[in-house]
Amino acid sequence: MPDVFLTGGSGWLGGGVLRRLLADGYGVRALARSDEAARIVSAAGAEPVRGDVTEAGSWTDALRDCSVVFHVAGKVSMCDPGQLAVNLAGTRTVMEAAGRAGVPRVVFTSSAATIGEARGEVGTESTPHPGRYLSAYARSKHEAEQLAFSEGRRLGIEVVSVNPSSVQGPGRTHGSARIFIGYLQGRLRWAVKTRLPLVSIDDAAAAHVLAATRGEPGERYLISGWHPTVEEAIALLGEIGAVEHPVRYLPWWALATGATAVEGLWRLVGKEPPYCRAMAREVRHGHVFDTTKSERELGLAYTPPREWLAETVEWYRAQGVV
């Protein structure tokens, strides 16, 4: 297999893509911005390349002779407006480096949050974007995606966008995974009725690797294998984990009020809040996506939710998380 270049290989989703690439026989050069990141990608079996994705430097020489660049790195936060600059700068740097190195294809990690479908609508890759955003995260990923496509056209690079929903599985304890962990620990007593667009880490990683060879240039692919209601997700989780306790469901206004208060307090001390109004808006929206295109064109076969959720619960317990 030819060598490929990967950004974000020491992170959550990037780590999954790294493992899948190595398992499929690719030689991987992975960008690492710290000694710890270099150690992680080296231990996995990749060649670490020191550098920062937002700053061009000697690391860009490592793209030469690579058949594909996987740009997975980026800041992911519902509550940090500063991520726009980081995600745009990183995308521009990677695209320019790929152009100089003559890399023919870039697989860009976008997000299902870029679709912009109306509440209650099933989002597809061709859903017209309304031009407004539920969160700074959605805006940063949408604008970075547009930048990747425009730079690809300018530089003569084939760009394929992979748009995963909330990626879950063994190894994740942050973000929306806290819902699962909280319920298994018996601490989740309150929730809001909505839908959760979820995909397993293995399926998200597989989609990236498939996009490198099967994705159509200039196209985007929604990756989201399960869209349960909160009640449905908790019921399956409780069945798998042999846990059962009542959860009360709050009205939307209570969620919004709490988010406003938490965000205000954390902003006063100059820190990024763990919960904010943008996050509350995303929760209330309850995204649902049509993934027919990823199945038809990429050949992606989604893992049954019961299977990957059982593996996740087993990992939580093995690690002492629950």
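Now for a description of the structure that goes with this document. These figures come from a predicted structure and were not determined experimentally.

Some words on unusual backbone geometry
One non-glycine residue with positive phi stands out, namely Asp65, at about 70°. Tracing the chain through its elements places Asp65 in the loop between β3 (47-50) and β4 (68-71). Located in the positive-phi region is Ala242, a residue other than glycine, with phi close to 55°. As for its placement among the helices and strands, Ala242 is situated in the loop between α7 (230-241) and β12 (248-249). For Ala242, a relative accessible area of 72% translates into the label exposed.

Describing the sheet that holds strand β2 (residues 27-32)
Taken together, the 7 strands give an open sheet; going across it, the order is β3-β2-β1-β4-β5-β7-β11, and neighbouring strands pair in parallel fashion. Each of the sheet's edge strands pairs with one partner strand only, and the pair in question is β3 and β11 (220-223). The sheet shows a mean angle of 20° between the axes of neighbouring strands, taken without regard to direction. Contacting β2 and β3, helix α2 (residues 35-44) crosses the sheet at an angle of about 160° to β3.

Some details on the pattern of salt bridges
Scanning the model with the defined rule gives 14 salt bridges in all. The residue Arg139 makes a salt bridge to Glu143 at a minimum N-O spacing of 2.9 Å. A residue pair is termed a helical-turn pair when its members lie 3 or 4 positions apart in one helix, as Arg139 and Glu143 do in helix α4 (residues 136-155) at 4 residues. On the basis of relative accessible area, Arg139 is assigned to the partly exposed category, the value being 37%. Its relative accessible area of 22% is what places Glu143 among the partly exposed residues. Measuring nitrogen to oxygen at the nearest pair gives 3.4 Å for the salt bridge that ties Arg296 to Glu297.

A look at the packing of α7 against helix α11 (residues 305-318)
In the contact formed by α7 and α11, the axes pass within 10 Å of each other and the chain directions differ by 55°. Our classification of the angle between α7 and α11 gives oblique. In the crossing of α7 with α11, the sense of the turn from one axis to the other is right-handed. Across from Leu236, Leu237, Glu239, Ile240 and Gly241 in α7, the residues of α11 making contact are Pro305, Arg306, Leu309, Ala310, Val313 and Arg317.

Some remarks on the layout of surface pockets
Here the second largest pocket defines a volume of roughly 230 Å³. Together, 17 residues line the second largest pocket, and Gly116, Glu117, Pro130, Arg132 and His285 are the ones closest to its centre.

Some remarks on empty space enclosed by the protein
If you walk through the whole model with that rule in mind, you get 1 cavity of 30 Å³ or more. If you add up the space inside the largest cavity, you get close to 70 Å³. Along the walls of the largest cavity sit 13 residues, with His71, Ala73, Gly74, Asn87 and Thr91 positioned nearest its centre. Broken down by secondary-structure element, the contributors of at least two residues to the lining of the largest cavity are α3 (83-101), β5 (105-109) and α4. Ranked by residue count, the leading element in the lining of the largest cavity is α3, at 4 residues.

Describing the packing of aromatic side chains
Overall, the coordinates contain 3 aromatic pairs when judged by the stated rule. On the numbers, 5.9 Å between centres and 20° between planes, the contact of Phe5 with Trp59 is stacked. Taken together, the residues Phe5 in strand β1 (residues 3-7) and Trp59 in the loop between β3 and β4 connect sequence positions 54 residues apart. Owing to a relative accessible area of 0%, Phe5 belongs among the buried residues under this scheme. A relative accessible area of 3% means that Trp59 is categorised as buried. For the cation-ring pair, Lys293 lies above Tyr221, with the distance from its terminal atom to the ring centre recorded as 5.0 Å.

The rules we used
- Residues numbered from 1 in each chain as written.
- Predicted model: local features only at pLDDT ≥ 70, side-chain atom pairs only at ≥ 80, totals over all residues.
- Heavy atoms only, no water.
- Helix = DSSP H or I, 4+ residues; strand = E, 2+ residues; numbered from the N terminus.
- Buried < 20%, exposed > 50% of the residue type's maximum accessible area, 1.4 Å probe, protein only.
- Pairing = 2+ DSSP bridges.
- Axes fitted to C-alpha atoms, helices over the stretch in contact; angles between N-to-C directions.
- Contact = heavy atoms within 4.5 Å.
- Salt bridge = Lys/Arg side-chain N within 4 Å of Asp/Glu carboxyl O.
- Parallel < 35°, antiparallel > 145°, perpendicular 65-115°, else oblique.
- Left-handed = near helix turned anticlockwise from the far one by under 90°.
- 1 Å grid on protein atoms, 1.4 Å probe; cavity = no way out; pocket = protein on both sides within 12 Å on 5 of 7 lines; lining within 4 Å.
- Points joined across faces, edges and corners; volume = space filled by probe spheres on them.
- Phe/Tyr/Trp six-rings, centres within 6.5 Å; stacked < 30°, edge-to-face > 60°.
- Lys NZ or Arg CZ within 6 Å of the ring centre and 35° of its normal.

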